[in-house]
Amino acid sequence: MNELALLCKELRLENLEKLAAQVEFQNEVQYLTDLLTLASKHRDARRVQRLIKEARFPVVKTFDGYQFDPISFPVGFDKEQLLSLEFIEQNENILCIGAVGTGKTYLATALGVKACSQGKRVRFYRAVDLCTELAEKHRSGGLGRALKQLQKLDLLILDEVGYIPFDKTSSQLLFNVLSNAYEQQSIIVTSNLEFGRWNEIFRDDRLTAALIDRLVHHAYILGFTGTSFRYREAVLARGGGATNSEG
Ligand SMILES: Nc1ncnc2c1ncn2[C@@H]1O[C@H](COP(=O)(O)OP(=O)(O)OP(=O)(O)O)[C@@H](O)[C@H]1O
Ligand SMILES: [Mg+2]
């Protein structure tokens, strides 16, 4: 390794050598300013890529092409406020409740990706996967550490709460996570079930009530209605035009 490469490594500016050729030289100050600005931009972009990777989105998606019409916003909260991500700064929750295939997971993902691009630590879990992971840590004695790791996040996304009911241990573990997050960090939950039926998921009326209470306090509840986009796409692919079937 040459001396310059070694120095760049020491200063943690490994790509400086490569970037140096991309900057035009007019004078020393201008050259160094432009080069270091470029290096800083590259570093930010790498950080965002790392945050997106660490968030483990099933598919990385942005708001390009996202249609907001299935969403009913609560009074006093609109699309612009949602997209400002101010709810994360305020440790508030977004609860996406409603019909199959109407864009709940897509919205949660696009919000998460946007949060990563603003330097936030995000983690996406299907609720059932988080429960499995925590139950496994519980057995191996690493539960405390796992819960601490979760508490470091700015945004926790819990997708698909409700498709698979939880056993007692899983329900309690999830309650732990939500209880730790209460007023400390932001959560996005997606579910196909309205709250009135959440005792079917957790199968414990008292725990369900306490859990919903924590989640709903400081939360914006978005309702999702209409025809499944998967269904619409399938109909279109078959050359049909009907899009008025619910589901
Ligand atoms: N609002 C939307 N705008 C654009 N495309 C959408 C929208 N909603 C859904 N889609 C399309 O439909 C697919 C399924 O959406 P998504 O997985 O987000 O639905 P969901 O509400 O999470 O459904 P489920 O309840 O079955 O989990 C997406 O990958 C996307 O291609
Ligand atoms: Mg989904």
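Owing to the predicted nature of the structure, the values given are computational and were not obtained by experimental measurement.

About the criteria used
Residue numbers restart at each chain and count upward from 1, following the sequence in its written direction. Key to labels: chains lettered from A, ligands numbered from 1, both in the order written. The model is predicted, so local features are restricted to residues of pLDDT at least 70 and side-chain atom pairs to those at 80 or more, both for listing and for counting; the totals for chains, interfaces and linings are taken over all residues. Nonpolar cores are built from buried Ala, Val, Leu, Ile, Met, Phe, Trp, Tyr and Cys residues. These are joined into a set through C-beta atoms within 7 Å. Buried means a residue has 20 or more other C-beta atoms within 10 Å of its own C-beta, exposed means 12 or fewer, and partly exposed covers the counts in between; C-beta atoms are placed from the backbone. The secondary structure listing takes helices from DSSP runs of H or I that are at least 4 residues long and strands from runs of E that are at least 2 residues long, numbered from the N terminus. By definition, residue pairs are in contact when their C-beta atoms, positioned from the backbone, come within 7 Å. Nearness here has a simple definition: the residue's C-beta atom, placed using the backbone, must lie within 6 Å of the molecule or strand. Residues are grouped as follows: Ala, Val, Leu, Ile, Met, Phe, Trp, Tyr, Cys and Pro are nonpolar; Asp, Glu, Lys and Arg are charged; all remaining types, including Gly, are polar. Note that the domain bounds were set by an automatic or database domain assignment.

Visitor: Would you take a moment to explain the nonpolar core for this structure?
Guide: Counting residues in each nonpolar core, the largest one holds 46 residues, and the members touching the most others are C96, V122, L155, I157, L158, I188 and V189. Per-element accounting of this core gives the leading share, 8 residues, to helix α6 (residues 104-117). Sequence-distant contacts of L155, that is, excluding residues within four places in its chain, are made with I88, G112, A115, K120, V122, S186 and I188.

Visitor: Would you mind going over the site of ligand 1 with me for this structure?
Guide: Close to ligand 1 lie 16 residues, the nearest being G103, K104, T105, Y106 and F229. Elements represented by at least two residues in the shell around ligand 1 include exactly α6 and α12 (229-237). Here the residues of the shell around ligand 1 sort into 5 nonpolar, 8 polar and 3 charged.

Visitor: I tried to follow the domain arrangement of the protein chain on my own but got confused; where do I start?
Guide: The extent of an interface is frequently quoted as the accessible surface area lost upon association of the parts. Domain boundaries assigned for the protein chain yield domain 1 (16-53) and domain 2 (57-237). A straight line from the C-alpha centre of domain 1 to that of domain 2 covers 36 Å. Residue-level contacts link 4 residues of domain 1 with 8 residues of domain 2. Taken together, the residues that form the side of domain 1 that touches domain 2 break down as 3 nonpolar, no polar and 1 charged.

Visitor: Just checking my understanding: could you explain the environment of V75 for this structure?
Guide: Note that V75 resides in the loop between β1 (71-72) and α4 (79-84). Once the C-alpha coordinates of V75 and G162 are considered, the two residues, 87 residues apart in sequence, prove to be 25 Å apart.

Visitor: Would you mind going over unusual backbone geometry with me for this structure?
Guide: One non-glycine residue, R56, lies in the positive phi region at around 55°. With respect to the helices and strands, the residue R56 is situated in the loop between α3 (28-55) and β1. Overall, R56 belongs to the partly exposed group, with 13 C-beta atoms counted inside 10 Å. Of note in this structure, E183 is not a glycine but carries a positive phi near 65°. In this fold, E183 is placed in the loop between α9 (168-181) and β5 (186-191). For E183, a count of 10 C-beta atoms within 10 Å gives the class exposed.

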